[in-house]
Structures are given as structure tokens and as C-alpha cells.
Amino acid sequence: MKMLINGERRDSVSGRIFPVHNPATGDVVGEAPLGGEDDVVSAIEAAGEAFPDWAAKSPRDRAKVLFLAAGEVRRRNTDLAALLTAEQGKPIREAVDEINGFANILEYYHGISAVPRGEFANLKGYGRTTVWRRPLGICGAIIPWNMPAIIMGWKIGAALAAGNTVVLKPARTAPLTCMRLAEILGEAGLPPGVLNVVTGPGETVGREIARNPAIRKVSFTGEVETGRQVALDAAPALKRLTLELGGSDPMIVCDDADIGKAVEGVIRGRFYNCGQVCTAVKRLYVDESIADEFVRRLTARVEEIVVGNGMDRGVGMGPLNNRAGLERVVDVVDAARERDEGEIVAGGRVPEGEQYKRGFFFLPTLVAGVSHDSVLFSEEVFGPVLPIAAVSGLDEALELANNSRYGLGASVWTRSADVIARATEELDAGIVWVNQHLRIPPEVPFGGTKASGIGRENGSRALDEYSEEKAVLVRL
Ligand code: NAD
């Protein structure tokens, strides 16, 4: 496939390409241009030229394009989902969900962005005062490989609806679906240059997006350390920043919880997308009075998960997306095993069998009785590994849950109104779920506290994050 710059499908300036592999089989599923700084500069030029006309359109006209694109994405869901599974590895039904999720976001911003915004007041002594909202200009979007379609939607939905133009960089190991989605937006009527996609390495393409002063805002999703680098690179030009970084979400299961539902909550919360979700359940705290039964039922359920190629029927969990990710998971589990930091009650290794030899597979893994100082609790493990600890009650659970450098999501599982009131108040996270985990509708703001990031995406106020105010005071 080609990059999309100024509405044209282009090779990189260097003419080099890179292959994209299927993480289940190792087969090449496509290729993308190996872009560099020059390509970002071309994309910025195109975005700069496109900006005045796009910004001048009525919000309703901009929103219409998003709506038409969403419909087209839904119509082509089967092909898009197959492409997403081929490059990313997730089971096909999760890919279908993700493509629909992308369409949901565009439709949401279509729905809300035509509502006139701004304020008006007749301030005594100052005259008629209006506060307008104007788009920022060219915005940069840098995204990871775990949920490329959804995260692309989070980045472009509000940005485009608010009248900005965008230069987007997908991740090296999952760029193809993003490229196809950008083409569909163009076919739906998005003018050339309004959305440009530059593929290539973070060190060149990503850094140029972060640094180039023509870009007025950068929205980045990825690891904490990369986010810090993006912030440093963006600082000289005083850009606006949204950083959606790592997470280590706690899930608290209280003694009165519906155990069956909580077990299913863990299965989805931890093993969806092979555990590679920023808001996956990454730490499980279970009340000691039910811990043994909970771990027994959870282990039985985990053992039922069929691991395999995401395109195969009945597969519940695919491979990790890339070799580096698999190696990190293997290392962290081996280290926990060597240091005797808990008991591996399920998985804990690469699966055996011919069908797994060429992919990045790891078994869904549970580690029970994990000590609180284990790296399994302190660091984000981006794969299908869940550390579990029994806790003496809500006080201890909340203290441990908040004892993390991350603050993305958190959940509590209970039937008690008092527990819900306390946990929703005290959990230090950007999103708190009760008797559910993981799901993020476009209607609510999404982002984290502490090292999980700066700023929010989604929700109506994302339109504010992609615009700036201008106060106009008129005396007649
Ligand atoms: P990553 O930080 O390695 O890469 C993210 C993107 O940044 C990629 O496109 C990469 O090429 C680019 N990049 C790399 N170096 C760069 C640099 N110096 N300057 C600019 N761009 C650069 O992250 P990843 O491994 O792709 O993704 C996994 C991480 O993302 C996990 O930590 C996960 O929790 C986090 N994540 C967060 C959210 C959220 O919304 N908070 C959502 C999904 C994933």
C-alpha cells in the first residue's frame, strides 16, 4: 500500500518500503512505504494548504463527510476486519468490533459537532462579548499497534470535526488498516490534504511530527517513555499535547461480588486482544474470603480459551502483535518464576505445537498469590498475564489499587451501594467501572492520571481540545 499525502497515494521520498507480517504465521500481508522526515514535511505542506478551506466549512458540512465515511466503513467491515486481524493478530470478531468502533466514533462526532458552540454575554462596561472557538490548524497523531483503528478514530474524529487538518503516523507493525481507513475517508469526500498518513519509524516520522513547529498539537498514544520523548520534542514549539500512555488497571473483587460475572469480566478484561490493551485488567485484587474459589473458577475458564490464528473459528485469543512484545512477556514471567513471586496456576509459557511455531503466541497466564513488590504489579505487562493477590478487605484493596505510577482505568465488582460510593470516589484513575471493565464508549472522556498521561480524548469536550477560544468584545 501507499502513504496518503494530499489525497494521493504516494511512495516515500526514499523509495524504500517495509513489509508487514502476520503475527500468527509470519507471512507477509502487505508492505508500506518507509517514510522519513521529508515525507512528514510534504504531509505538513498538504495539511497547511488544505486547512483554510476545511476550517471555513460549516461544521455540518464537515460532519457530513464523517457520517458518509462511517457508513462506508460499516459496509466494508468484513474486508477491513480481515486486514486488521492479518496485521495485528486479534480474533476476527474483535476486529469486527474494532472497525465498528471506528465508525461509532465518526458517527458520534457527526452527531454532536454541528451543535453551535461558543458563548455570548452583554458585559456591562465592555459591550457585547462573544467567545468563539477556532480550530488549531495542523494536528499530529501518533498511534500504537494494539488497537490501530479505534485509536485512529479517537485521534481524528474530534480533530477533523473541529476543523483541523491532520498528519497521522501509524505504528510500524500495524499500519495497513489505518491506510485503508484514510482512503475511505477520502472516497467519502474528505478533501485532499485534510488527512495525511505517513508510515515509517518513530525515530524519524514520529519525531518530526513531534518537533515540526508547523504542527500545533500532537496527540500521542503509546508507552510512557516514548510519550516523555514526544513531550520533550514538542516543547520548543510550545505545542498542545495529549498523551495517552500506559496503564496497569486494578480490578477489585469484593466478597459480595457475583463471582460468575467477575470471572467473565477478567476473561474479557485481561485476555481481549491478547492482553494488549491500555485499559486491560493488569492487577487483580480479590477479597480473601472468596479468593480460593475465585482463582479455581477463573483457572478453569482460562484453560478453555483456545489460542490460535485469529482467522480460525473458535479462537478466543490470538498471538501477540510482535516479537519484542512476546519477548518482554516471556522475560517478565520467567523473572517472576525465578524469584518465586507467585504461583503460576495457568499458562506461563509459549504453547507447544506446529501451528504456533511461526507466530508470537503465549498462553493465557494466571499467577496467584503474587507479592505486592513484584514487577508483575509495578510495571505494565502488555500481554496475557494476570497477577492476582488476595486482600483483607476494601481498605487494603483501594490502597494497593492506587499504589501504582499509573492511573488509567480501574474497576470494582460488588453489589453494595456503599462500596460503590467509596470506590468510585477514591480510585485514582481517569475511568472507573463498576461490575464491568474495558469498554470505552465515544461519549465519555478517556485518559489517565499520573504517568498514564495528560489530557483526554473522546466525549464532547474533545472538540474543545482541538480548538482554541477567541474572545471578541464589541462596543458600539
Ligand atoms: P510505542 O510508544 O512504542 O509506540 C507508539 C507510537 O509512537 C508508534 O507509532 C511508534 O512508531 C511511535 N514512536 C516511537 N518512538 C517515537 C518517538 N521518539 N517520537 C515519536 N513517535 C515515536 O508504544 P506501542 O508499543 O506501540 O504501544 C503500546 C503502549 O501504548 C502501551 O504502553 C499501552 O498501554 C499504550 N497505550 C495507551 C493507550 C491509552 O489510550 N492510554 C491506548 C493504547 C495503548
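Residues numbered from 1 in each chain as written. Predicted model: local features only at pLDDT ≥ 70, side-chain atom pairs only at ≥ 80, totals over all residues. Heavy atoms only, no water.

Caption draft 1: Seen up close, the site of the ligand. The local shell around the ligand holds 30 residues, among which Ile143, Thr226, Leu245, Cys278 and Glu380 are the closest. Lys169 places a side-chain nitrogen or oxygen 3.0 Å from an oxygen atom of the ligand. Glu380 is positioned such that a nitrogen or oxygen atom in its side chain is 2.6 Å from an oxygen atom of the ligand. Contact with the protein chains covers 91% of the free accessible surface of the ligand, which is 850 Å². With respect to the detected pockets, the ligand is housed in the largest pocket. Mapped by element, the contributors of at least two residues to the shell around the ligand are α5 (148-161), α7 (202-211), β10 (215-221) and α8 (224-234). Considering every element that reaches the shell around the ligand, the biggest residue donor is α7, with 4 residues. Residues that form the shell around the ligand fall into these classes: 15 nonpolar, 9 polar and 6 charged. Two domains each put at least three residues into the shell around the ligand: domain 1 (3-245 + 452-474) and domain 2 (249-434). (Near = heavy atom within 4 Å. Polar contact = N/O pair within 3.5 Å; in protein donor to acceptor, adjacent residues only side chain to side chain. Areas by Shrake-Rupley, 256 points an atom, 1.4 Å probe, with all protein chains shown as cover. 1 Å grid on protein atoms, 1.4 Å probe; cavity = no way out; pocket = protein on both sides within 12 Å on 5 of 7 lines; lining within 4 Å. Sits in = over half its atoms within 2 Å of the grid points. Helix = DSSP H or I, 4+ residues; strand = E, 2+ residues; numbered from the N terminus. Nonpolar A, V, L, I, M, F, W, Y, C, P; charged D, E, K, R; others polar. Domains from an automatic or database assignment.)

Caption draft 2: The arrangement of the nonpolar core in detail. By size, the foremost hydrophobic cluster in this structure holds 67 residues, and its most contacted members are Phe102, Tyr109, Met152, Ile156, Leu168, Leu185 and Leu195. Sorting elements by how many residues they give to this core places α5 first, with 10 residues. Two domains each put at least three residues into this core: domain 1 (3-245 + 452-474) and domain 2 (249-434). In contact with Leu168, not counting residues within four places along its chain, are Ala141, Ile143, Met152, Ile156, Cys178, Leu195, Asn196, Val197 and Val198. Residues Val333, Ala336, Val385 and Leu386 belong to the second largest nonpolar core, which totals 62 residues. (Core = buried A, V, L, I, M, F, W, Y, C linked by side-chain atoms within 4.5 Å. Buried < 20%, exposed > 50% of the residue type's maximum accessible area, 1.4 Å probe, protein only. Contact = heavy atoms within 4.5 Å.)

Caption draft 3: The arrangement of the packing of aromatic side chains in detail. Within the structure shown, the criterion is met by 5 aromatic pairs. Their ring planes at 50 degrees and their centres at 4.8 Å tell us that Trp154 and Phe446 sit as a pair that is tilted. Remark: Phe446 occurs in the loop between β19 (431-434) and β20 (449-450) and Trp154 occurs in helix α5; sequence separation between them is 292 residues. Phe446 matches Trp154 in its accessibility class, with the two residues each being buried. A ring pair is formed by Tyr356 and Phe361, whose centres lie 5.1 Å apart and whose planes are at 70 degrees; its orientation type is edge-to-face. Considered together, Tyr356 and Phe361 belong to a single accessibility category, that of buried residues. Directly above the aromatic system of Tyr272 lies the positively charged group of Arg268, at a separation of 4.9 Å from the ring centroid. (Phe/Tyr/Trp six-rings, centres within 6.5 Å; stacked < 30°, edge-to-face > 60°. Lys NZ or Arg CZ within 6 Å of the ring centre and 35° of its normal.)

Caption draft 4: Inspection of the domain arrangement of the protein chain at higher detail. Segmentation of the protein chain into domains returns domain 1 (3-245 + 452-474) and domain 2 (249-434). Counting across the interface, domain 1 meets domain 2 through 2 salt bridges. A salt bridge links Asp27 to Arg358; the shortest N-O distance between them is 2.9 Å. Linking domain 1 with domain 2 are 15 residue pairs in polar contact (both at pLDDT 80 or more). When contributions to the side of domain 1 that touches domain 2 are tallied by element, the ones reaching two or more residues are α3 (77-88) and α4 (92-113). (Salt bridge = Lys/Arg side-chain N within 4 Å of Asp/Glu carboxyl O.)

Caption draft 5: Fine view of helix α13 (residues 394-402). When we look at burial in α13, the residues that qualify are Leu394, Ala397, Leu398, Leu400 and Ala401. Taken around the axis of α13, the buried residues stretch over an arc of 165 degrees, which confines them to a single face. Residues of α13 that are exposed and point over 90 degrees away from its buried face: Asp395 and Glu399. On its buried side, α13 packs onto β12 (249-253), β13 (281-287), β16 (385-391) and α14 (417-426). (Arc of directions from axis to C-beta.)

Caption draft 6: Summary view of unusual backbone geometry. Residues other than glycine seldom take positive phi values, yet Leu238 does so here, at roughly 50 degrees. Tracing the backbone through its elements, the reader meets Leu238 in the loop between α8 and β11 (240-244). Its identity is not glycine, yet Asn458 carries a phi of approximately 70 degrees, on the positive side.

Caption draft 7: Representation of a nonpolar patch on the surface. Among the surface-exposed residues, Leu123, Tyr126 and Leu473 lie close enough to one another that they form a single nonpolar patch of about 310 Å² accessible area. Inspection of the secondary structure puts Leu473 in strand β22 (residues 467-474). (Patch = residues over 30% accessible without salt bridge, like charges linked within 9 Å, V, L, I, M, F, W, Y side chains within 5 Å.)

Caption draft 8: Just empty space enclosed by the protein, in detail. Scanning the entire structure with this criterion turns up 1 cavity of 30 Å³ or more. Quantified by volume, the largest cavity comes out at close to 50 Å³. Along the walls of the largest cavity sit 14 residues, with Pro250, Arg283, Tyr406, Gly407 and Gly409 positioned nearest its centre. Counting residues per element, the ones that place at least two in the lining of the largest cavity are β12, α13, β17 (406-407) and β18 (409-413). Counted by class, the lining of the largest cavity contains 7 nonpolar, 4 polar and 3 charged residues. (Points joined across faces, edges and corners; volume = space filled by probe spheres on them.)

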